[in-house]
Amino acid sequence: MLLRLTDVTKNYAGNEKAVLDHVSLDLEQGDMLALTGESGSGKSTLLHLIGGLDSADSGRVVFDGIDLTPMNDSGRAALRRGSLGVIFQQFNLIPSLSIAHNIAFQARLAGRHDPSMVRVLVERLGLDDHLNKYPEQLSGGQQQRVAIARTLAARPQLVLADEPTGNLDEATADNVLALLQDLVIENGASLILVTHSERLAARLPRRAYLRAGRLT
């Protein structure tokens with residue numbers, strides 16, 4: 001079992017109801033799961049707990065046999081650098097670095113920088129002509145593809161993708177999701193995809209739906 005969530009609850013000050021209410025979820029190595037639900041249902045919060053970007057109020061989040069629940073911020077950050085890849089909605093590219101250096105950044109931190117892997121990602125994501133540019137010189141869709149390349153270049157065990165095609169047109173979104181799935185499979189990784197798109201969710205073999213903090 002790569003990932004196991006057990007009775008995970010999370011709330012924020014001022015909320016009458018828990019954002020996540022006793023959520024349990026299992027994910028095997030190689031699984032690909034689409035996580036859907038209405039806005040405010042807790043999808044991004046759940047992804048942040050799995051990725052060690054936040055901590056649960058109660059319950060357990062166990063990744064690859066390691067319980068994230070008692071870990072401090074630095075411990076979760078170290079785990080994220082080594083084994084977890086997060087594709088953010090806001091891209092989180094480093095504005096002072098070129099596109100080439102942005103793509104290599106996470107892999108270098110993880111000690112897994114592989115120029116041949118980067119070349120494959122750059123070619124397949126259509127970024128060849130942008131490597132010497134900076135994030136502000138790219139469109140939103142191009143920045144999204146850079147964020148995907150950066151995450152996959154580090155060869156994580158688990159890819160957490162928060163609306164990774166949200167800034168792309170339908171045809172490009174389909175192509176990018178297909179590429180993301182191919183690369184996840186080729187690297188023996190697993191994928192949790194947060195999406196509002198029923199069409200994209202239907203392309204993954206597993207699906208979970210969050211409603212009012214409960215997983216169905």
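Up top you'll find the structure we're talking about.
Okay, the packing of helix α5 (residues 140-153) against helix α6 (residues 170-186) next. At their nearest, the axes of α5 and α6 sit 11 Å apart, and the two run at 5 degrees to each other. Relative to α6, the element α5 is oriented roughly parallel. Two secondary-structure elements touch here, α5 through R145, I148 and L152 and α6 through V176, L180, L183 and V184.

Two modes of strand pairing occur in sheets, parallel and antiparallel, and in both the strands are linked by backbone hydrogen bonds. A sheet is described by the order of its strands in space; here six strands give the open sequence β6-β7-β8-β3-β9-β10, paired in mixed fashion. Sheet topology places β6 (84-87) and β10 (214-215) at the edges, where each strand pairs with a single neighbour. Across five bridges, the pairing between strand β7 (residues 158-162) and strand β8 (residues 190-194) is parallel. By the bridge assignment, A161 is partnered in β8 with L193. Helix α2 (residues 73-83) contacts β6 and β7 of the sheet and is inclined by roughly 85 degrees relative to β6.

Pairing in this open sheet of four strands is antiparallel, and the strands run β2-β1-β4-β5 from one edge to the other. Among the strands making up the open sheet, the edge pair consists of β2 (20-27) and β5 (66-67). When strand β4 (residues 58-63) meets β5, the two strands line up antiparallel, connected through two bridges. Within β5, the residue paired with V62 across the bridge is D67. Its contacts with the sheet put helix α1 (residues 43-50) on β1 (3-10), β2 and β4, and the angle it makes with β1 is roughly 125 degrees.

Criteria and thresholds
Counting starts from 1 at the beginning of each chain's written sequence and moves along it residue by residue. At least 70 in pLDDT is required for a residue's local features to be given in this predicted model, at least 80 for side-chain atom pairs to be given and counted, and no such filter applies to totals for whole chains, interfaces and linings, which use all residues. Side-chain numbers come from the whole structure's heavy atoms, not from hydrogens or water. Note on definitions: angles span 0 to 180 degrees between N-to-C directions of axes, and those axes are lines fitted to C-alpha atoms, for helices only across the stretch in contact. Helix and strand definitions follow DSSP, with helices as H or I runs of at least four residues and strands as E runs of at least two, each counted in order from the N terminus. Angle categories are assigned with fixed cut-offs, so that under 35 degrees is roughly parallel, over 145 is roughly antiparallel, 65 to 115 is roughly perpendicular, and the rest are oblique. The contact criterion used throughout is that any non-hydrogen atoms of two residues lie within 4.5 Å. At least two DSSP bridges between two strands are required for those strands to pair.

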